[in-house]
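# Tertiary structure, described
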Number of protein chains: 2
Amino acid sequence: MNFCDIALQSVTQLQPYVPGKPIEELERQYGVTNIVKLASNENPLGPSPRVLAAVQQASKSLSLYPDGNGFSLKSALAEKYQLELNQITLGNGSNDVLEIIARTFVSAEDEVLYSQYTFAVYPIVTQAIGAKGVVAPAVDFGHDLDAMANLITDRTKVIFIANPNNPTGTYLAADKLEAFVANVPQQTLVVLDEAYVEYGDQDVDTMSWLAIYPNLIITRTFSKAYGLAGLRVGFALSNPDVADLINRVRQPFNVNSLALAAATVALTDDDYLVETKNTNDAGMKQLTAACDAMGLAYIPSKANFITVDVETNANEVFEALLQQGVIVRPIGGYGLPQHLRVSIGLESENQRFIDTLATILGRT
Amino acid sequence: MNFCDIALQSVTQLQPYVPGKPIEELERQYGVTNIVKLASNENPLGPSPRVLAAVQQASKSLSLYPDGNGFSLKSALAEKYQLELNQITLGNGSNDVLEIIARTFVSAEDEVLYSQYTFAVYPIVTQAIGAKGVVAPAVDFGHDLDAMANLITDRTKVIFIANPNNPTGTYLAADKLEAFVANVPQQTLVVLDEAYVEYGDQDVDTMSWLAIYPNLIITRTFSKAYGLAGLRVGFALSNPDVADLINRVRQPFNVNSLALAAATVALTDDDYLVETKNTNDAGMKQLTAACDAMGLAYIPSKANFITVDVETNANEVFEALLQQGVIVRPIGGYGLPQHLRVSIGLESENQRFIDTLATILGRT
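### Points about helix α9 (residues 240–249) of chain A
Residues and elements named next belong to chain A. Most of α9 is tucked away, with seven of its ten residues classed as buried. Turning to α9, its buried residues number three or more, namely Val242, Ala243, Leu245, Ile246, Asn247, Arg248 and Val249. Capping the start of α9, Asn239 holds a side-chain oxygen 2.8 Å from the backbone nitrogen of Asp241, two or three residues further along.

Right, dumping it as structure tokens:
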């Protein structure tokens, strides 16, 4: 019995997402210690003490199911963003909400539109359904909104736009993005993935667009600036009718109870967010200055990572860095075989990467 | 714009799973305190100290993504069950693996077979895909394997069998179950959902069947006997080829890092499992004796709950119990409008339920 014969054909052709290499795996494979991981755009500060206290408190009840409606976290989100509870869908990370949005609206006969060089989860969730993924060519490594607009058809159910974009860090100006959203037909949903929004311009209020464009969905995550990647919690904000539909596909207990407790506290942990932004700004200066000094080009980034052109086979550089205990992310799978994506870490971590890269490339 | 017009038709008809009422919700709605929750088949012992220590240790790293391959937990499972790592699929609770099994193999043109009075997630995951759910009539509130065998067609992709069954607690003998599995055509997958297996006969080794029947998948959970419902972790064991396909549909970080750490420790926490079983056995005796004394019939159960015929509208009894701070589960949605499903709690919790029910029914 070949089980591929009875699986969905789209599933048999699915290439799973390749995550950043975990530290323990590098330790097992290479016997390296003192590892620096700058591969998954995690918050280098580690969890905040307030969050840890909330986790410890909530862990006393971990034999009980989570609140499937996430009342406390939704209430905190609704207050922060001045929205109603029925506009919120919680996810097991924003990956989960991205997937359930697709599964709610997209059939095998439909199209999903996204850009070249964008988050790998968009093509994966599209292909898992067996829908047609339509890729708009990028401009300057970022979204080309004109090209995207021209590719919308009457079968386009969902458009995914990451802003800032991953893995390139590029950023669309608010006025251009809003003009694009305004022109998308109402029967096509625009998913604005703001996983990295806290690192960009803070004065843009995309939330206010939700009242104007009923086909807009904004997704965010607690995995980046909020420092909760291990706990898995993200959310979608939308028109209540859209949220009602998405929530029907959501698994009833998709967000665990410690994640709910941690995220509720993290949302008000302003000091941690400020320190996160300051650390990132300083690290971004440190890394771009080092690239300039080495004569390496990089893509201007508004996120917590920077994507560097190493002018050679980036996989080989990635492997050489691994040997020295430095994990970054090769992005050949995204069609960028000479680029490495480097998460911004603490000053010492950034310096370790810079020094190791300079030695490997002979640019000391 | 009516967004139901652009959603999948199967999704617009989906009735979401109704979870047991959370304690905080009852507090908010009724202003009741000192609440006893016997509604979600949770472990009344609370988390074990060894698990809490593991959670506290792992929480230091919660700003890092979980190991997407779950290496440590899979290694512990492989050792305990004498299987290979590539036979294991981890899930965000067993709900997650049940769903991704369906999404891997079942299209809108296929059929999924399950029994009357069985776990609500089977029809939900079937309907979300738009596949046809085929329901075999139950016998004595449990699975009628002959009726199920007769309903298999060449479009039956998956058969879900919960053993012990939820919400009735009924139990299929191993010899009859194996005979059924042996006769299912190889192109039809049998999912044996053993969420409650730790409460039943411990001398049945269904794991050994995996080597004989390549179309068999066994699912288990850490939410019941292992006491980790809040953390969300379950798993599927299968033929490696089947596991490879299911894992492609799995979200890359579907199990959070604290769940991975807690489950790895829980798997070896034999004292906790023994105490769980002893508490359950004693509580089962306490509850069945009380039902006998009240002259109420119940369905013989091999799980950590008992389903009682209250001989009247069970929803009204459920509401009356709520008013007194006792949460149980009405199962009218399962087609059993005069039954209440009651989780087995600590002795004092069971007694509180018994006394309150006796008063409400006038059977003191």
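On we go from here.
### So, the packing of aromatic side chains
Evaluated as defined, the whole model comprises 17 aromatic pairs over all chains. Summarising the aromatic geometry, the rings of Tyr196 of chain A and Phe305 of chain A are spaced 5.2 Å apart at their centres and angled 80° between planes, so their arrangement reads as edge-to-face. Here Tyr196 of chain A is found in the loop between β6 (189–193) and β7 (216–221), whereas its partner Phe305 of chain A is found in strand β10 (residues 305–309), with 109 residues between them in sequence. No difference in accessibility class separates Tyr196 of chain A from Phe305 of chain A, as the two residues are buried. Between the aromatic rings of Tyr114 of chain B and Tyr122 of chain B, the centroid separation amounts to 6.5 Å while the plane-to-plane angle is 50°, which identifies the pairing as tilted.

### Brief notes about the interface of chain B and chain A
How big an interface is tends to be stated in terms of accessible area lost as the parts join. Contacts between chain B and chain A engage 73 residues on the former and 73 residues on the latter. Taken together, both faces of the contact between chain B and chain A bury some 6,300 Å²; the carbon and sulfur share is 62%. Summed over the three residues of chain B that lose the most area to chain A, namely Phe3, Tyr65 and Arg248 of chain B, the buried surface amounts to 12% of that side. Taken together, the links from chain B to chain A amount to two salt bridges. Salt-bridge contacts for Arg103 of chain A lead to Glu99 of chain B; the nearest nitrogen and oxygen are separated by 3.0 Å.

### Quick word on the pairing of strand β4 (residues 132–136) of chain A
All names here are of chain A. The pairing of strand β3 (residues 111–115) with β4 spans five bridges and is classified as parallel. Counterpart to Glu111 in the pairing with β4 is Lys132. Crossover β3 to β4 through helix α6 (residues 121–129) is right-handed.

### A look at the layout of surface pockets
A probe as big as a water molecule, rolled over the atoms, marks out the empty space that is left. Estimates place the volume of the largest pocket at around 1,200 Å³. Gln15, Pro16, Tyr17, Val18 and Pro19 of chain B are the residues nearest the centre of the largest pocket, which is lined by 49 residues in total. Sorting the residues of the lining of the largest pocket by element identifies α9 of chain A together with α5 (94–105), β3 (111–115), α6 (121–129), α12 (314–323) and β12 (329–331) of chain B as the ones contributing at least two each. If one sorts the elements of the lining of the largest pocket by residue count, α6 of chain B sits on top with six residues.

### Quick look at the sheet that holds strand β12 (residues 329–331) of chain A
Residues and elements named next belong to chain A. Spatially, the four strands line up as an open sheet ordered β9-β10-β13-β12, and their pairing is antiparallel. Among the strands making up the open sheet, the edge pair consists of β9 (298–299) and β12. Where β12 lies against strand β13 (residues 336–343), three bridges are found, and the strand directions are antiparallel. Across the sheet, Pro330 pairs through a bridge with Leu340, a residue of β13.

### A short note on the domain arrangement of chain A
All names here are of chain A. Once the domains are mapped, chain A shows domain 1 (16–46 + 270–361) and domain 2 (49–266). Computed from C-alpha coordinates alone, the two centres of domain 1 and domain 2 are separated by 25 Å. Every contact between the two is made by 25 residues of domain 1 and, on the other side, 27 residues of domain 2. Note on domain 1 versus domain 2: buried area summed over both sides is about 2,100 Å², and carbon and sulfur give 64% of it. Three residues stand out in domain 1 for area buried against domain 2, namely Leu273, Lys302 and Tyr334, and they jointly supply 30% of the buried area on that side. Where domain 1 touches domain 2, the interface holds zero salt bridges. Across the domain 1-domain 2 interface, the total number found is eight residue pairs in polar contact (both at pLDDT 80 or more). Within the residue set of the side of domain 1 that touches domain 2, elements represented by two or more residues are α11 (270–294), β10 and β13.

Quick notes on the rules
- Residues numbered from 1 in each chain as written.
- Chains lettered and ligands numbered in written order.
- Predicted model: local features only at pLDDT ≥ 70, side-chain atom pairs only at ≥ 80, totals over all residues.
- Heavy atoms only, no water.
- Buried < 20%, exposed > 50% of the residue type's maximum accessible area, 1.4 Å probe, protein only.
- Helix = DSSP H or I, 4+ residues; strand = E, 2+ residues; numbered from the N terminus.
- Polar contact = N/O pair within 3.5 Å; in protein donor to acceptor, adjacent residues only side chain to side chain.
- Phe/Tyr/Trp six-rings, centres within 6.5 Å; stacked < 30°, edge-to-face > 60°.
- Contact = heavy atoms within 4.5 Å.
- Buried area = accessible area lost by both parts, 1.4 Å probe.
- Salt bridge = Lys/Arg side-chain N within 4 Å of Asp/Glu carboxyl O.
- Pairing = 2+ DSSP bridges.
- Right-handed = clockwise from strand over helix to strand, strands pointing away.
- 1 Å grid on protein atoms, 1.4 Å probe; cavity = no way out; pocket = protein on both sides within 12 Å on 5 of 7 lines; lining within 4 Å.
- Points joined across faces, edges and corners; volume = space filled by probe spheres on them.
- Domains from an automatic or database assignment.

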